[in-house]
Amino acid sequence: MARETRPDLGDNPELFTLVFNSIKDGISVLDKELTIVRVNPTMERWFSHEMPLVGKKCFEAYHGAHQPCNPCPSIRALEAKSPAEEAVPYQGPGGEILGWRELHSFPLVDESSNIVGVLELVRDVTEKRKYEDLLKQENECLKELDEIRQAFIIKATHELKTPVTNITGAIQLFEAMADPEAAGGTRSILAVLSRGSKRLQRLIMKLLDFSRAELKKLELDVQIVDLVPTVKDIINELEYKIKESDHRIALNLPPACVVRADQLRIEEVIINLLMNAIKYTPRNGKITVALDATPTHVKFTVADSGVGLTEEEKGILFTKFGSIHRRQYQGKIEVYGTGVGLFVSREIVEAHGGKIWAESEGRDKGSAFSFIIPKNA
Ligand SMILES: Nc1ncnc2c1ncn2[C@@H]1O[C@H](COP(=O)(O)OP(=O)(O)O)[C@@H](O)[C@H]1O
Ligand SMILES: [Mg+2]
(Lines give C-alpha, C1' and ligand atoms only; values in the text may rest on other atoms or scores of the structure.)
(Ligands and ions follow the chains in the order given, each with its own letter.)
Protein backbone atom coordinates (compact mmCIF):
# COMPACT_ATOMS: atom_id res chain seq x y z
CA MET A 1 0.00 0.00 0.00
CA ALA A 2 1.38 3.39 -0.96
CA ARG A 3 2.24 5.57 1.99
CA GLU A 4 1.43 9.19 1.91
CA THR A 5 4.63 11.12 2.49
CA ARG A 6 4.30 13.94 4.92
CA PRO A 7 7.07 16.35 5.84
CA ASP A 8 8.71 15.49 9.14
CA LEU A 9 7.58 17.61 12.09
CA GLY A 10 11.22 18.24 12.95
CA ASP A 11 11.81 19.80 9.49
CA ASN A 12 8.79 22.09 9.68
CA PRO A 13 10.12 25.67 9.38
CA GLU A 14 7.18 26.85 11.52
CA LEU A 15 8.05 24.43 14.36
CA PHE A 16 9.16 27.05 16.87
CA THR A 17 6.10 29.23 16.19
CA LEU A 18 3.94 26.13 16.61
CA VAL A 19 5.58 25.36 19.95
CA PHE A 20 5.42 28.98 21.07
CA ASN A 21 1.72 29.19 20.27
CA SER A 22 0.80 25.83 21.76
CA ILE A 23 2.29 26.22 25.23
CA LYS A 24 -0.48 26.79 27.75
CA ASP A 25 1.76 28.73 30.15
CA GLY A 26 2.23 32.40 29.35
CA ILE A 27 5.39 33.37 27.47
CA SER A 28 6.58 36.93 27.19
CA VAL A 29 9.89 38.03 25.62
CA LEU A 30 11.32 41.35 26.81
CA ASP A 31 14.31 43.36 25.62
CA LYS A 32 16.95 44.60 28.05
CA GLU A 33 14.86 47.71 28.79
CA LEU A 34 11.87 45.54 29.80
CA THR A 35 9.90 46.37 26.66
CA ILE A 36 7.69 43.53 25.46
CA VAL A 37 8.83 42.26 22.05
CA ARG A 38 6.77 39.12 21.69
CA VAL A 39 4.06 37.23 23.56
CA ASN A 40 2.23 33.94 23.03
CA PRO A 41 -1.59 33.60 22.73
CA THR A 42 -1.95 32.72 26.44
CA MET A 43 -0.49 36.11 27.43
CA GLU A 44 -2.79 37.83 24.88
CA ARG A 45 -5.76 36.08 26.46
CA TRP A 46 -4.77 36.90 30.03
CA PHE A 47 -4.06 40.56 29.20
CA SER A 48 -6.68 41.12 26.45
CA HIS A 49 -7.64 44.47 28.07
CA GLU A 50 -4.06 45.74 27.52
CA MET A 51 -3.71 44.76 23.85
CA PRO A 52 -1.52 45.31 21.98
CA LEU A 53 1.12 44.19 24.45
CA VAL A 54 4.13 44.45 22.16
CA GLY A 55 5.89 47.81 22.55
CA LYS A 56 4.71 48.39 26.13
CA LYS A 57 6.85 48.05 29.24
CA CYS A 58 6.10 44.85 31.12
CA PHE A 59 5.24 46.67 34.37
CA GLU A 60 2.70 48.87 32.50
CA ALA A 61 1.05 46.08 30.58
CA TYR A 62 1.04 43.43 33.27
CA HIS A 63 0.81 45.45 36.48
CA GLY A 64 -0.62 48.85 35.50
CA ALA A 65 2.46 50.45 37.11
CA HIS A 66 4.60 53.40 36.01
CA GLN A 67 7.87 51.97 37.18
CA PRO A 68 9.39 48.50 37.47
CA CYS A 69 7.93 46.27 40.15
CA ASN A 70 9.86 45.46 43.27
CA PRO A 71 10.76 42.64 43.51
CA CYS A 72 11.09 41.86 39.77
CA PRO A 73 12.66 38.52 38.82
CA SER A 74 13.38 39.72 35.27
CA ILE A 75 15.55 42.60 36.52
CA ARG A 76 17.30 40.14 38.81
CA ALA A 77 17.80 37.69 35.93
CA LEU A 78 19.28 40.47 33.73
CA GLU A 79 21.60 41.68 36.49
CA ALA A 80 22.73 38.31 37.77
CA LYS A 81 22.75 36.70 34.30
CA SER A 82 21.02 33.68 35.80
CA PRO A 83 17.39 32.53 36.10
CA ALA A 84 15.17 34.04 38.81
CA GLU A 85 11.60 33.46 39.90
CA GLU A 86 8.83 35.03 41.94
CA ALA A 87 5.17 34.41 42.74
CA VAL A 88 3.12 37.49 41.88
CA PRO A 89 -0.51 38.21 42.64
CA TYR A 90 -2.85 39.52 39.96
CA GLN A 91 -5.47 42.02 40.95
CA GLY A 92 -8.98 43.00 40.02
CA PRO A 93 -10.06 46.58 39.21
CA GLY A 94 -10.50 47.37 42.92
CA GLY A 95 -7.02 46.08 43.78
CA GLU A 96 -8.38 42.82 45.22
CA ILE A 97 -6.18 39.75 44.69
CA LEU A 98 -7.80 37.46 42.11
CA GLY A 99 -5.05 34.88 41.89
CA TRP A 100 -1.37 34.10 41.73
CA ARG A 101 1.12 33.56 38.92
CA GLU A 102 4.56 32.11 39.15
CA LEU A 103 7.03 34.05 37.06
CA HIS A 104 10.24 32.36 35.87
CA SER A 105 12.68 34.72 34.18
CA PHE A 106 15.52 33.42 32.02
CA PRO A 107 18.18 35.76 30.56
CA LEU A 108 18.45 35.54 26.76
CA VAL A 109 22.05 35.23 25.65
CA ASP A 110 23.26 35.66 22.04
CA GLU A 111 26.11 33.81 20.31
CA SER A 112 28.72 36.25 21.64
CA SER A 113 27.46 35.72 25.21
CA ASN A 114 25.78 39.12 25.37
CA ILE A 115 22.53 39.41 27.23
CA VAL A 116 19.94 40.66 24.80
CA GLY A 117 16.75 40.33 26.77
CA VAL A 118 14.77 38.15 29.09
CA LEU A 119 12.23 35.37 28.63
CA GLU A 120 9.35 35.28 31.09
CA LEU A 121 7.55 31.99 31.57
CA VAL A 122 4.33 32.56 33.49
CA ARG A 123 2.24 29.84 35.15
CA ASP A 124 -1.09 30.35 36.86
CA VAL A 125 -0.78 28.79 40.31
CA THR A 126 -4.03 30.04 41.85
CA GLU A 127 -5.54 26.55 42.14
CA LYS A 128 -2.29 25.07 43.44
CA ARG A 129 -2.08 27.80 46.08
CA LYS A 130 -5.71 27.24 47.08
CA TYR A 131 -4.96 23.57 47.73
CA GLU A 132 -1.76 24.45 49.56
CA ASP A 133 -3.66 26.86 51.80
CA LEU A 134 -6.33 24.24 52.40
CA LEU A 135 -3.67 21.69 53.28
CA LYS A 136 -2.05 24.16 55.67
CA GLN A 137 -5.40 24.73 57.40
CA GLU A 138 -6.06 20.99 57.60
CA ASN A 139 -2.61 20.48 59.00
CA GLU A 140 -3.22 23.08 61.70
CA CYS A 141 -6.50 21.33 62.58
CA LEU A 142 -4.75 17.97 62.79
CA LYS A 143 -2.02 19.43 65.00
CA GLU A 144 -4.66 20.83 67.31
CA LEU A 145 -6.44 17.45 67.46
CA ASP A 146 -3.15 15.74 68.16
CA GLU A 147 -2.48 18.12 71.04
CA ILE A 148 -5.94 17.39 72.45
CA ARG A 149 -5.26 13.65 72.14
CA GLN A 150 -1.90 13.96 73.90
CA ALA A 151 -3.35 16.09 76.69
CA PHE A 152 -6.19 13.60 77.10
CA ILE A 153 -3.86 10.60 77.38
CA ILE A 154 -1.66 12.38 79.91
CA LYS A 155 -4.66 13.41 82.00
CA ALA A 156 -6.38 10.03 81.85
CA THR A 157 -3.23 8.08 82.70
CA HIS A 158 -2.45 10.44 85.57
CA GLU A 159 -5.92 9.83 86.96
CA LEU A 160 -5.41 6.07 86.61
CA LYS A 161 -1.99 6.10 88.21
CA THR A 162 -3.05 6.96 91.76
CA PRO A 163 -5.70 4.26 92.32
CA VAL A 164 -3.54 1.61 90.65
CA THR A 165 -0.55 2.55 92.81
CA ASN A 166 -2.79 2.27 95.87
CA ILE A 167 -4.13 -1.11 94.78
CA THR A 168 -0.61 -2.44 94.08
CA GLY A 169 0.56 -1.24 97.48
CA ALA A 170 -2.40 -2.83 99.23
CA ILE A 171 -1.81 -6.14 97.46
CA GLN A 172 1.85 -6.11 98.47
CA LEU A 173 0.82 -5.43 102.05
CA PHE A 174 -1.68 -8.23 101.87
CA GLU A 175 1.01 -10.60 100.54
CA ALA A 176 3.33 -9.65 103.38
CA MET A 177 0.59 -10.14 105.95
CA ALA A 178 -0.75 -13.41 104.52
CA ASP A 179 -0.39 -16.39 106.78
CA PRO A 180 2.50 -18.51 105.41
CA GLU A 181 0.36 -21.55 106.26
CA ALA A 182 -2.53 -20.24 104.15
CA ALA A 183 -4.00 -22.58 101.58
CA GLY A 184 -2.15 -22.78 98.23
CA GLY A 185 -5.22 -21.33 96.51
CA THR A 186 -5.00 -18.11 98.50
CA ARG A 187 -1.29 -17.73 97.71
CA SER A 188 -1.75 -18.27 94.00
CA ILE A 189 -4.66 -15.83 93.88
CA LEU A 190 -2.48 -13.28 95.62
CA ALA A 191 0.30 -13.95 93.11
CA VAL A 192 -2.12 -13.38 90.22
CA LEU A 193 -3.34 -10.13 91.80
CA SER A 194 0.19 -8.97 92.40
CA ARG A 195 1.35 -9.70 88.85
CA GLY A 196 -1.77 -8.13 87.36
CA SER A 197 -1.48 -4.94 89.35
CA LYS A 198 2.23 -4.58 88.54
CA ARG A 199 1.50 -5.14 84.88
CA LEU A 200 -1.22 -2.48 85.00
CA GLN A 201 1.21 -0.09 86.67
CA ARG A 202 3.78 -0.72 83.95
CA LEU A 203 1.21 -0.21 81.20
CA ILE A 204 0.22 3.14 82.68
CA MET A 205 3.84 4.15 82.95
CA LYS A 206 4.42 3.15 79.32
CA LEU A 207 1.46 5.24 78.20
CA LEU A 208 2.61 8.23 80.24
CA ASP A 209 6.14 7.95 78.93
CA PHE A 210 4.84 7.54 75.41
CA SER A 211 2.95 10.84 75.64
CA ARG A 212 5.89 12.57 77.27
CA ALA A 213 8.31 11.17 74.70
CA GLU A 214 6.06 12.43 71.90
CA LEU A 215 6.30 15.88 73.43
CA LYS A 216 10.04 15.41 74.04
CA LYS A 217 9.36 16.03 77.71
CA LEU A 218 10.88 12.96 79.35
CA GLU A 219 12.43 14.13 82.59
CA LEU A 220 14.82 11.71 84.23
CA ASP A 221 15.02 11.06 87.93
CA VAL A 222 18.67 10.05 88.04
CA GLN A 223 20.14 8.05 90.92
CA ILE A 224 22.86 5.45 91.49
CA VAL A 225 21.62 2.02 90.38
CA ASP A 226 23.21 -1.41 90.29
CA LEU A 227 21.82 -3.04 87.17
CA VAL A 228 22.69 -6.60 88.26
CA PRO A 229 20.03 -6.98 90.97
CA THR A 230 17.68 -4.92 88.76
CA VAL A 231 18.02 -7.42 85.91
CA LYS A 232 17.69 -10.39 88.28
CA ASP A 233 14.51 -8.97 89.82
CA ILE A 234 12.98 -8.38 86.41
CA ILE A 235 13.79 -11.93 85.29
CA ASN A 236 12.20 -13.28 88.48
CA GLU A 237 9.13 -11.22 87.78
CA LEU A 238 8.91 -12.54 84.22
CA GLU A 239 9.72 -16.11 85.25
CA TYR A 240 6.13 -17.25 84.77
CA LYS A 241 6.09 -15.89 81.18
CA ILE A 242 9.38 -17.61 80.38
CA LYS A 243 8.10 -20.91 81.82
CA GLU A 244 4.80 -20.59 79.96
CA SER A 245 6.74 -20.67 76.67
CA ASP A 246 9.31 -23.26 77.79
CA HIS A 247 12.18 -20.91 77.00
CA ARG A 248 15.62 -21.50 78.46
CA ILE A 249 17.29 -18.43 79.82
CA ALA A 250 21.03 -17.89 80.26
CA LEU A 251 22.48 -15.03 82.26
CA ASN A 252 25.85 -13.49 81.67
CA LEU A 253 26.17 -10.93 84.44
CA PRO A 254 29.16 -9.39 86.19
CA PRO A 255 29.14 -9.21 90.03
CA ALA A 256 27.98 -5.58 89.89
CA CYS A 257 27.21 -2.94 87.27
CA VAL A 258 26.68 0.51 88.73
CA VAL A 259 25.40 3.49 86.76
CA ARG A 260 23.72 6.81 87.34
CA ALA A 261 20.32 6.40 85.70
CA ASP A 262 16.59 6.72 86.14
CA GLN A 263 15.92 3.34 87.76
CA LEU A 264 12.23 3.00 86.80
CA ARG A 265 12.86 4.10 83.21
CA ILE A 266 15.81 1.75 82.67
CA GLU A 267 13.74 -1.05 84.21
CA GLU A 268 11.05 -0.21 81.68
CA VAL A 269 13.52 -0.55 78.78
CA ILE A 270 14.88 -3.87 80.08
CA ILE A 271 11.34 -5.21 80.58
CA ASN A 272 10.35 -4.12 77.07
CA LEU A 273 13.34 -5.84 75.50
CA LEU A 274 12.92 -9.01 77.55
CA MET A 275 9.16 -9.19 76.97
CA ASN A 276 9.80 -8.81 73.23
CA ALA A 277 12.42 -11.60 73.27
CA ILE A 278 9.90 -13.84 75.07
CA LYS A 279 6.97 -12.84 72.82
CA TYR A 280 8.75 -13.07 69.48
CA THR A 281 10.45 -16.42 70.08
CA PRO A 282 8.45 -19.60 69.36
CA ARG A 283 8.26 -22.20 72.17
CA ASN A 284 11.44 -23.85 73.46
CA GLY A 285 13.61 -20.92 72.55
CA LYS A 286 16.83 -19.70 74.04
CA ILE A 287 17.21 -16.24 75.54
CA THR A 288 20.55 -14.86 76.67
CA VAL A 289 20.83 -11.77 78.84
CA ALA A 290 24.17 -10.04 79.24
CA LEU A 291 25.50 -6.98 81.02
CA ASP A 292 28.95 -5.56 80.27
CA ALA A 293 30.75 -2.60 81.74
CA THR A 294 33.61 -0.56 80.28
CA PRO A 295 35.29 2.20 82.31
CA THR A 296 32.81 4.72 80.91
CA HIS A 297 29.71 2.84 79.73
CA VAL A 298 27.43 -0.09 80.45
CA LYS A 299 25.89 -2.30 77.82
CA PHE A 300 22.82 -4.49 78.12
CA THR A 301 21.99 -7.14 75.52
CA VAL A 302 19.18 -9.63 75.18
CA ALA A 303 19.57 -12.17 72.40
CA ASP A 304 16.91 -14.67 71.38
CA SER A 305 16.52 -17.59 68.99
CA GLY A 306 13.21 -16.22 67.68
CA VAL A 307 11.68 -15.06 64.41
CA GLY A 308 14.51 -12.59 63.69
CA LEU A 309 14.32 -9.40 61.67
CA THR A 310 14.50 -8.58 57.99
CA GLU A 311 16.37 -5.45 56.84
CA GLU A 312 13.03 -3.74 56.17
CA GLU A 313 11.75 -4.56 59.66
CA LYS A 314 14.91 -3.16 61.24
CA GLY A 315 14.03 0.20 59.69
CA ILE A 316 10.66 0.55 61.45
CA LEU A 317 11.17 -1.12 64.83
CA PHE A 318 11.96 1.99 66.81
CA THR A 319 9.42 4.31 65.19
CA LYS A 320 6.16 5.44 66.79
CA PHE A 321 3.60 2.59 66.53
CA GLY A 322 6.30 0.55 64.77
CA SER A 323 4.72 -2.83 65.38
CA ILE A 324 5.16 -5.51 62.76
CA HIS A 325 2.31 -7.98 62.35
CA ARG A 326 3.54 -11.34 61.20
CA ARG A 327 0.36 -13.28 60.54
CA GLN A 328 2.25 -16.27 59.16
CA TYR A 329 3.40 -16.96 62.73
CA GLN A 330 -0.11 -17.01 64.19
CA GLY A 331 -0.23 -19.55 67.03
CA LYS A 332 3.57 -19.60 67.38
CA ILE A 333 4.26 -16.10 68.66
CA GLU A 334 2.22 -13.04 69.56
CA VAL A 335 1.41 -11.43 66.23
CA TYR A 336 -0.22 -8.19 67.33
CA GLY A 337 1.29 -5.43 69.44
CA THR A 338 0.99 -1.72 70.01
CA GLY A 339 4.44 -0.88 68.70
CA VAL A 340 4.92 1.58 71.53
CA GLY A 341 7.58 -0.30 73.54
CA LEU A 342 10.66 0.19 71.39
CA PHE A 343 9.76 3.79 70.57
CA VAL A 344 9.56 4.64 74.28
CA SER A 345 12.70 2.57 74.97
CA ARG A 346 14.67 4.53 72.39
CA GLU A 347 13.49 7.85 73.84
CA ILE A 348 14.50 6.73 77.35
CA VAL A 349 17.93 5.47 76.28
CA GLU A 350 18.60 8.62 74.25
CA ALA A 351 17.50 10.80 77.18
CA HIS A 352 20.31 9.05 79.11
CA GLY A 353 22.75 9.99 76.33
CA GLY A 354 22.88 6.40 75.09
CA LYS A 355 22.06 4.35 72.00
CA ILE A 356 19.78 1.37 71.34
CA TRP A 357 19.92 -0.96 68.34
CA ALA A 358 18.86 -4.31 66.94
CA GLU A 359 20.88 -6.98 65.17
CA SER A 360 19.67 -10.03 63.30
CA GLU A 361 20.93 -12.20 60.49
CA GLY A 362 17.43 -12.45 59.07
CA ARG A 363 14.13 -14.30 59.23
CA ASP A 364 14.12 -17.10 61.83
CA LYS A 365 17.75 -16.40 62.71
CA GLY A 366 16.99 -14.80 66.10
CA SER A 367 17.68 -11.21 67.13
CA ALA A 368 19.77 -9.31 69.62
CA PHE A 369 18.70 -5.99 71.09
CA SER A 370 21.27 -3.88 72.93
CA PHE A 371 21.54 -0.53 74.56
CA ILE A 372 24.55 1.31 75.86
CA ILE A 373 24.47 4.23 78.28
CA PRO A 374 27.21 6.30 79.86
CA LYS A 375 27.85 5.47 83.53
CA ASN A 376 27.31 9.11 84.42
CA ALA A 377 24.10 10.02 82.65
N1 LIG B 1 13.13 -9.84 69.83
C2 LIG B 1 12.41 -9.58 68.74
N3 LIG B 1 12.36 -10.46 67.70
C4 LIG B 1 11.64 -10.20 66.59
N5 LIG B 1 10.91 -9.08 66.41
C6 LIG B 1 10.91 -8.18 67.40
C7 LIG B 1 11.65 -8.37 68.60
N8 LIG B 1 11.45 -7.29 69.40
C9 LIG B 1 10.61 -6.49 68.72
N10 LIG B 1 10.29 -6.99 67.52
C11 LIG B 1 9.40 -6.42 66.50
O12 LIG B 1 9.39 -5.02 66.68
C13 LIG B 1 8.07 -4.52 66.74
C14 LIG B 1 8.03 -3.33 67.66
O15 LIG B 1 8.26 -3.71 69.01
P16 LIG B 1 7.58 -2.91 70.19
O17 LIG B 1 7.80 -1.47 69.96
O18 LIG B 1 8.05 -3.51 71.47
O19 LIG B 1 6.03 -3.15 69.98
P20 LIG B 1 5.08 -4.38 70.30
O21 LIG B 1 5.90 -5.41 71.03
O22 LIG B 1 4.03 -3.79 71.14
O23 LIG B 1 4.55 -4.83 68.97
C24 LIG B 1 7.23 -5.70 67.19
O25 LIG B 1 5.94 -5.63 66.61
C26 LIG B 1 7.98 -6.91 66.73
O27 LIG B 1 7.46 -7.39 65.52
MG1 LIG C 1 6.99 -4.80 72.81
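J.: Any chance you could explain the overall build of the chain here in plain terms?
T.: Counting its regular elements, the chain contains 10 helices and 12 strands. For the chain, the C-alpha radius of gyration of 35 Å lies well beyond 21 Å, the compact-globule estimate for 377 residues. With respect to the three principal axes, the spread of C-alpha positions in the chain is 110 × 65 × 50 Å. Out of the 377 residues belonging to the chain, those deemed buried represent 22%. When contacts within the chain are restricted to residue pairs at least 6 apart in sequence, those whose partners lie at least 24 apart make up 58%.

J.: Would you take a moment to explain the sheet that holds strand β7 (residues 248-252) for this structure?
T.: Across a sheet, paired strands are connected by hydrogen bonds in the backbone, their directions being either parallel or antiparallel. On the basis of which strands lie adjacent, the open sheet formed by five strands has the order β7-β9-β10-β12-β11 and mixed pairing. A strand with exactly one partner marks an edge of an open sheet, and here the two such strands are β7 and β11 (355-359). When the angles between neighbouring strand axes are averaged without regard to direction, this sheet yields 10°. One ladder, built from eight bridges, connects strand β10 (residues 297-304) with strand β12 (residues 367-374); its direction is antiparallel. Bridge pairing links V298 to I373 in β12.

J.: What is the right way to look at unusual backbone geometry in this model?
T.: Trans peptide bonds make up the majority, and among non-glycine residues the majority have a negative phi. Cis geometry marks the peptide bond from M51 to P52, where omega comes out at -5°. Note on placement: P52 falls in the loop between α2 (41-46) and α3 (58-63). The step from N70 to P71 runs through a cis peptide bond, and the omega angle for that step is 5°. When you line up the elements, P71 lands in the loop between α3 and α4 (73-80).

J.: Would you explain the nonpolar core in this entry?
T.: Here is a general trend for soluble globular proteins: nonpolar side chains tend to be buried in one another's company. Within the largest apolar cluster, 34 residues are counted, with the highest numbers of intra-cluster contacts made by V269, I270, L273, A277 and V302. Per-element accounting of this core gives the leading share, seven residues, to helix α8 (residues 263-279). Setting aside residues up to four positions removed in sequence, I270 forms contacts with V231, I234 and F300. Core analysis: the next-biggest nonpolar cluster, separate from the first, contains 12 residues, I36, L53, A61 and V118 among them.

J.: Explanation requested: the sheet that holds strand β3 (residues 84-91) in the structure shown.
T.: Pairing is antiparallel across the open sheet formed by five strands, whose spatial order is β2-β1-β5-β4-β3. Two strands lie at the open edges of the sheet, namely β2 (36-39) and β3, each paired on one side alone. Neighbouring strand axes in the sheet, compared pairwise and without regard to direction, differ in orientation by 25° on average. With respect to the sheet, α4 is in contact with β1 (26-31), β3, β4 (97-109) and β5 (115-124), its orientation differing from that of β4 by roughly 15°.

J.: How should the packing of α8 against helix α10 (residues 341-351) be read in this particular structure?
T.: The packing of two helices is summarised by the inter-axis angle and the distance between the axes. Where α8 meets α10, the axes come as close as 9 Å, and the angle between the chain directions of the two elements is 145°. Considering the relative orientation of α8 and α10, their crossing is left-handed. Residues R265, E268, V269, N272, L273 and N276 of α8 touch α10, and the partners they reach there are G341, L342, S345, I348 and V349. Counted by class, the contact of α8 with α10 contains five nonpolar, four polar and two charged residues.

J.: What should I look at first to understand the pairing of β12 in this one?
T.: Each regular strand shows side chains that alternate between the opposite faces of the sheet. With burial as the criterion, only one face of β12 is covered, namely that bearing S367, F369, F371 and I373; the residues A368, S370, I372 and P374 on the opposite face remain uncovered. As judged from the five bridges shared by β11 and β12, these two strands associate in the antiparallel manner. Bridge assignment links E359 to a residue of β12, and that residue is A368.

J.: Honestly, helix α5 (residues 126-177) in this entry has me stumped. Any pointers?
T.: For an α-helix, 3.6 residues make a turn, and residues three or four places apart therefore share a direction. For α5, with 52 residues, the first-to-last C-alpha span of 76 Å sits near the 76 Å given by 1.5 Å per residue. Of all 52 residues making up α5, only zero are buried, and the element is barely covered by its neighbours.

J.: Sorry if this is basic, but what is going on with the environment of L200 here?
T.: Relative to the helices and strands, L200 resides in helix α6 (residues 184-214). Distance from L200 to V164, taken between C-alpha atoms, is 7.3 Å for residues 36 residues apart in sequence.

J.: Please clarify how the site of ligand 1 should be interpreted in this entry.
T.: In the vicinity of ligand 1 there are 20 residues, among which N276, S323, G337, G341 and L342 approach most closely. Sorting the residues of the shell around ligand 1 by element identifies α8 and α10 as the ones contributing at least two each. Here the residues of the shell around ligand 1 sort into nine nonpolar, 10 polar and one charged.

Parameters and conventions
- Residues numbered from 1 in each chain as written.
- Chains lettered and ligands numbered in written order.
- Predicted model: local features only at pLDDT ≥ 70, side-chain atom pairs only at ≥ 80, totals over all residues.
- Helix = DSSP H or I, 4+ residues; strand = E, 2+ residues; numbered from the N terminus.
- Rg over C-alpha atoms; globule rule 2.2 N^0.38 Å.
- Buried ≥ 20, exposed ≤ 12 C-beta atoms within 10 Å, placed from the backbone.
- Contact = placed C-beta atoms within 7 Å.
- Pairing = 2+ DSSP bridges.
- Axes fitted to C-alpha atoms, helices over the stretch in contact; angles between N-to-C directions.
- Core = buried A, V, L, I, M, F, W, Y, C linked by C-beta atoms within 7 Å.
- Left-handed = near helix turned anticlockwise from the far one by under 90°.
- Nonpolar A, V, L, I, M, F, W, Y, C, P; charged D, E, K, R; others polar.
- Expected span 1.5 Å × (residues − 1).
- Near = placed C-beta within 6 Å.

In short, the description is geometric, and any link to function would need to be established separately.
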